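Structural characterization, general
For reference, the chains in residue letters:
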There are 2 protein chains.
Amino acid sequence: MERIKSLQNAKVKNLVRLHQKKYRDETGLFLVEGDHLISEARKAGILHYVITDEDDCPYEKYLLVTPEIMKKISTNVSAVHRIGVCEKCKMTVKEPKRVLLLDDVQDPGNLGTLIRTAVSFSFDAICCSKHTVDVYNEKVIRSTQGALFYIPVIYSDLTQTIETLKHDDFTIVGTSLHEASGMRSFSAQEKMAFVLGNEGQGVSDEILSLCDAKLFIEMQGFESLNVAVAGGIVMYTFQGHHA
Amino acid sequence: MERIKSLQNAKVKNLVRLHQKKYRDETGLFLVEGDHLISEARKAGILHYVITDEDDCPYEKYLLVTPEIMKKISTNVSAVHRIGVCEKCKMTVKEPKRVLLLDDVQDPGNLGTLIRTAVSFSFDAICCSKHTVDVYNEKVIRSTQGALFYIPVIYSDLTQTIETLKHDDFTIVGTSLHEASGMRSFSAQEKMAFVLGNEGQGVSDEILSLCDAKLFIEMQGFESLNVAVAGGIVMYTFQGHHA
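A few points on the structure.

Reading the values: rules and limits
- Counting of residues starts from 1 at the beginning of each chain's written sequence and follows it residue by residue.
- Here the convention is simple: chains get letters from A, ligands get numbers from 1, in the order in which they are written.
- Residues qualify for local features only when their pLDDT is at least 70, as the model is predicted, and side-chain atom pairs are given and counted only at 80 or more; totals for whole chains, interfaces and linings, by contrast, use all residues.
- Side-chain figures throughout are based on the complete set of non-hydrogen atoms in the structure, without hydrogens or water.
- Least squares is the method for superposing the copies, and the C-alpha atoms it fits come from residues with pLDDT of at least 70 in both.
- The contact criterion used throughout is that any non-hydrogen atoms of two residues lie within 4.5 Å.
- Summed over both partners, the accessible area lost on bringing two parts together, with a 1.4 Å probe, is the buried area.
- When a carboxyl oxygen of Asp or Glu lies within 4 Å of a side-chain nitrogen of Lys or Arg, that pair is called a salt bridge.
- Two N or O atoms form a polar contact when they lie within 3.5 Å of each other; inside protein one atom must be a possible hydrogen donor and the other a possible acceptor, and for residues adjacent in sequence the pair counts only when both atoms belong to side chains.
- Strands are runs of DSSP state E lasting at least two residues, helices are runs of H or I lasting at least four, and both sets are numbered from the N terminus onward.
- Burial classification: accessible surface area is computed with a 1.4 Å probe over protein chains only, and a residue below 20% of its type maximum counts as buried, one above 50% as exposed, and the rest as partly exposed.
- Strand pairing is assigned whenever DSSP identifies at least 2 bridges connecting the two strands.
- Fitting a line to C-alpha atoms yields each axis, with helices limited to the stretch in contact; the angle taken between N-to-C directions then spans 0 to 180 degrees.

Now for the relation of the copies chain B and chain A. Of the two same-sequence chains, chain B is brought onto chain A (RMSD 0.0 Å, axial shift 0.0 Å) by a rotation of 180°. Such a combination of rotation and displacement between the chain copies is what one expects of a two-fold axis. Mapped onto chain A, 100% of the interface residues of chain B are again interface residues, and the two copies thus contact each other with one and the same surface.

In structure tokens form, the structure reads like this:
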């Protein structure tokens, strides 16, 4: 196979552009770095091909480039020898019982960790407000540790999503420090959706006003939890059950 | 006040060196960036002085420098106008009942988040193995959101620490995915210490063999949690009670 050597190569330029949300949206493609994520993407059936600077690539479809080009395409500090080009996941949500709603979560690590936790606690879908960080951001993907390929992550208007869920008999639970009840005294329902908010502002008043219940995580003193930790505690407490 | 203008100034050079653990250990000093952390450090009585590039500094003791020098001392991507020079916290542990033990946690964000969570759930101390990331690392400090000033964080040989805790009637609980019991069926004890492990390897076999009980967080399917999330769930479940 011929090795691409020029940083000016059109293919290379298009791959570098995938670091921007705009181009990911346009092409429907995104990148994953390292063997663990590539193999998870292949299992999920969304791997198009692999970019590599090594001659002996274990993947059938690959593009051979120079280490210099790898460095340009990679966002890792240390050298990466394989990057997967993937097609955005299209998963359907079937009879959901546990849904996570994210109201403008900003930090990529937090979103990735929430996705990983949601899969571990058998949640069926994650709905993000339109200002939540993009799920195909490379830092998000890294933090999911591959969990991204096991759960639908949908971007939509949260107000409308909440209405749809209510129609489908979901209990909508907001998390809040004010005018809320302790989580331990709340019974699990068949269909539940939990709203977590922005790192600085929490869940917006508008969204909180649409919730059927407002719960807080019982604690003393500092009263400050990272949103991914708060989400972990909520999802553990009300986890779903896979068939 | 005279403004320091040279990047070659000896004081400036010494401040930049505080990004390295070696110099923090030698001097007993560390840096915090931004007003929230500076004000928390002042409350804790460990703030020495503030470095600033603004003439109207609200702090009594400050060192005036140029924006260029601020940029050199800061680790933030965006401009910071105040950095606090602090003395390492020396806190004593009094009659502890809830202790967190960290076996080689590597990621600064994870350590910072665990400290923040420990304070929220009324833990009394955190003991780190010697290979755990340094608590005065700037990314750790940022993730603690100031919680660092409210809990003693001690570095020691975990094996010895566990022995000391056992002498003091502590139940030592390891977290593990193998040969462990579900956390929900375990009753809270008066004095408990919980061990969380390294991001890749978990708690080492050596440390696990010293534990009185091995617990796992009940989940289905993916079986993969970020260590800060796992710690959050454990600390919420067995939280302490402040007087």
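At the junction of the two partners, chain B supplies 33 residues and chain A supplies 33 residues. Summing both partners gives a buried area of about 2600 Å² for chain B against chain A, and 54% of it is carried by carbon and sulfur. Where chain B meets chain A, there are 0 salt bridges. Put simply, chain B and chain A have 16 residue pairs in polar contact (both at pLDDT 80 or more) between them. Secondary-structure elements contributing two or more residues to the side of chain B that touches chain A are helix H5 (108-120) and helix H9 (227-237) of chain B.

Moving on: the pairing of strand E11 (residues 213-216) of chain B. Residues and elements named next belong to chain B. Residues Ala213 and Leu215 of E11 are buried on one face, while the alternating residues Lys214 and Phe216, pointing to the opposite face, are not. One ladder, built from 3 bridges, connects strand E8 (residues 171-175) with E11; its direction is parallel. Within E11, the residue paired with threonine 175 across the bridge is leucine 215.

Residue and element names in this part refer to chain B. One non-glycine residue, aspartate 104, adopts positive backbone phi at about 65°. Along the chain, aspartate 104 falls in the loop between strand E5 (98-103) and H5. Phi angles above zero are rare outside glycine, and serine 122 is one such case at about 55°. Mapping serine 122 onto the fold places it in the loop between H5 and strand E6 (125-128).

All names here are of chain B. Spatial ordering of the open sheet is given by E7-E6-E5-E10-E8-E11-E9, a layout of 7 strands whose pairing is parallel. One side of each edge strand has no neighbouring strand; the edge strands of this open sheet are strand E7 (153-155) and strand E9 (181-182). Bridging between E9 and E11 involves 2 bridges; their strand directions are parallel. Pairing of glycine 182 across the sheet is with phenylalanine 216, part of E11.

On to the sheet that holds strand E2 (residues 47-52) of chain B, then. Residue and element names in this part refer to chain B. Taken together, the 4 strands give an open sheet; going across it, the order is E1-E4-E2-E3, and neighbouring strands pair in mixed fashion. Across the chains shown, the open sheet's two edge strands, defined by having one partner strand only, are strand E1 (29-33) and strand E3 (62-64). For this sheet, the mean angle separating the axes of adjacent strands, direction not counted, is 25°. As judged from the 5 bridges shared by E2 and strand E4 (residues 82-87), these two strands associate in the antiparallel manner. Paired with threonine 52 across the two strands is arginine 82, which belongs to E4. With respect to the sheet, helix H3 (residues 35-43) is in contact with E1, E2 and E4, its orientation differing from that of E4 by roughly 30°.

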